[in-house]
Every structure is written in C-alpha cells, then in structure tokens.
Amino acid sequence: DAGITQSPRYKITETGRQVTLMCHQTWSHSYMFWYRQDLGHGLRLIYYSAAADITDKGEVPDGYVVSRSKTENFPLTLESATRSQTSVYFCASSEALVRETQYFGPGTRLLVL
Amino acid sequence: GNSVTQMEGPVTLSEEAFLTINCTYTATGYPSLFWYVQYPGEGLQLLLKATKADDKGSNKGFEATYRKETTSFHLEKGSVQVSDSAVYFCALSTLSSGSARQLTFGSGTQLTVLP
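About the criteria used
- Residues numbered from 1 in each chain as written.
- Chains lettered and ligands numbered in written order.
- Predicted model: local features only at pLDDT ≥ 70, side-chain atom pairs only at ≥ 80, totals over all residues.
- Heavy atoms only, no water.
- Helix = DSSP H or I, 4+ residues; strand = E, 2+ residues; numbered from the N terminus.
- Rg over C-alpha atoms; globule rule 2.2 N^0.38 Å.
- Buried < 20%, exposed > 50% of the residue type's maximum accessible area, 1.4 Å probe, protein only.
- Contact = heavy atoms within 4.5 Å.
- Buried area = accessible area lost by both parts, 1.4 Å probe.
- Salt bridge = Lys/Arg side-chain N within 4 Å of Asp/Glu carboxyl O.
- Nonpolar A, V, L, I, M, F, W, Y, C, P; charged D, E, K, R; others polar.
- Disulfide = S-S within 2.5 Å.
- Pairing = 2+ DSSP bridges.

Draft legend 1. Just the overall build of chain A, in detail. Along chain A, the regular secondary structure elements total zero helices and 11 strands. Secondary structure elements of chain A occur, N-terminal to C-terminal, as β-β-β-β-β-β-β-β-β-β-β. Relative to the 2.2 N^0.38 estimate, which gives 13 Å for 113 residues, the radius of gyration of chain A is 13 Å and therefore close to what a compact globule would have. Each principal axis of the C-alpha atoms in chain A carries an extent, and together these give about 35 × 25 × 25 Å. Within the span of chain A, comprising 113 residues, buried residues form 50% of the whole.

Spelled out as structure tokens, the structure:
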C-alpha cells in the first residue's frame, strides 16, 4: 500500500551513460507524469501517459525516453546523460487529467558528472 | 500559453504571524487552481484546490480563493507554525489545446517559520 514509489532515490552517473529512473503506483491511476525540479523553474513536465502504451511529450522532453507497458509502471530513461540533466525528478499519477489531484512520489535526486 | 507567477521567496516569519503568498495566473480556458506543499526531502502534496471562480479551497488552516477577475489564487494562513516551514507551489490545470493539458507550476516560495 505504498502508493507511488520511485527508485533509486539517489543516483550519481557520468556524462554519456544511460540511466533509467523507475516509477511504480499501486492505485491503478490512468495518468502518470514525469517532472523535473530545478531551482528557479519550479516543476516542469517531461512526459506524461494517459494509459498503457499511450505517452505524450511535455514541456521539456528532449534527451528523455519513456515507456508504459503496464499501467502501474512508468520508467524514464536518459539515453545519454548530460550535466544539464542533473536535477530532482518526480513521478506523479492521477485518475484523470484535468481538475484531478496529482499524487507525487518522493523524488529521485540525479547527479550527472 | 499557461503560466503561474508566485511571489519570490524566501519568506521568513515568526510563529503565529499571518501568511500571504501571492499567486497570479495566465490561462486559456477555465483552469482549476492548486496549492501544493513540499516538505524537506519529500515529494509534493496537495494542500488545497479550487475548480471554479469564487470557490475557496481550505486545509490545515490554509485558505485560497479563486478570483477570476484578478486571475489570482493567493494562499493565506492566519497563524503559522514552525511545522509549516516548506516550499509552496501554486499550480493550474486546464484542458486547453496542445501542451496546456497538464499542471503548470509556479517557481515555488520557500517559507521558514521561526519559533
């Protein structure tokens, strides 16, 4: 009954490496989201998904890839990490897209050296 | 496009002081408005929301009223506590065209309450 979980919580990687951040929710929510949080920018949407096998770009999708083969999982992959992708990444889910509360995971703090 | 502007922080108050964090928005369509709170080391939690004009959201002593005429959703609390120290985010959600179908966040306001 954990709700929404993210792993790993902390990750250090090097420029050019592939990194996958995991997100898992237990509510069977249709919608899932990935945000990055940077000082002075608040949260910016990277990708979202309306259901299994349906994904769409957000505000800052470049350099990221997502998939959603199962409703409960929504992994985010950095195919070739860059220093500018150093950030805190939050996954969220909601039952519907508009007017519905989004529930956030605890975040993954990523450092790209 | 949609945007949310919050007052710049950080804000430092003494316990039992009155809190106002200003939030104004620009949106197409009819947005829902939210305040989220982020405690240190944690993800965001919904604090309150309002889905139409003149609605008042409230929770844990915090209040915000949806003002369509001034496009504002200011957060207020009459008497803050040390435990209210956190970052507060104003956000909107609207079903406009294209990439507007998402939560748009303000940049956040850091609140520190001193005993």
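Draft legend 2. Region of the structure containing the interface of chain A and chain B. With 21 residues of chain A at the interface, the matching set in chain B holds 23 residues. Across the chain A/chain B interface, buried area totals approximately 1,700 Å², and carbon plus sulfur atoms make up 53% of it. For the pair chain A and chain B, the interface holds zero salt bridges. Counting residues per element, the side of chain A that touches chain B draws most heavily on strand E5 (residues 42-51) of chain A, which supplies four residues. Taken together, the residues of the side of chain A that touches chain B break down into nine nonpolar, eight polar and four charged.

Draft legend 3. Focus on the state of the cysteines. Residues and elements named next belong to chain B. For the coordinates displayed, the defined rule picks out two disulfides over all chains. Note that Cys 23 is cross-linked by a disulfide to Cys 90, the S-S spacing being 1.9 Å. Because the sign of the S-S torsion sets the handedness, a value of about -70 degrees for the bond joining Cys 23 and Cys 90 places this disulfide among the left-handed ones. Of this pair, Cys 23 sits in strand E4 (residues 23-26) while Cys 90 is found in strand E10 (residues 86-93), placing the two residues 67 residues apart along the sequence. We note that Cys 23, like Cys 90, is buried.

Draft legend 4. Region of the structure containing the environment of B:Tyr39. Residue and element names in this part refer to chain B. Mapped onto the secondary structure, Tyr 39 falls in the loop between strand E5 (32-38) and strand E6 (44-50). Since its relative accessible area comes to 18%, Tyr 39 is described here as buried. Considered as a pair, Tyr 39 and Thr 26 are 13 residues apart in the sequence and their alpha carbons are 27 Å apart. Excluding anything up to four places from it in sequence, Tyr 39 contacts Gln 45, Lys 60, Ser 83, Ser 85 and Ala 86.

Draft legend 5. Inspection of the pattern of salt bridges at higher detail. All names here are of chain A. Counted according to the given criterion, the structure contains six salt bridges over all chains. Here Arg 44 ties to Asp 38 by a salt bridge, and the two come within 3.0 Å at their closest N and O atoms. The network of salt bridges with common partners includes Arg 36, Asp 38 and Arg 44.

Draft legend 6. Layout of the pairing of strand E1 (residues 4-7) of chain A. All names here are of chain A. What you see with E1 is a clean split: Ile 4 and Gln 6 sit on the buried side and Thr 5 and Ser 7 on the side with no burial. Note: E1 against strand E3 (residues 19-25), four bridges, orientation antiparallel. When the sheet's bridge partners are listed, Thr 5 is paired in E3 with His 24.

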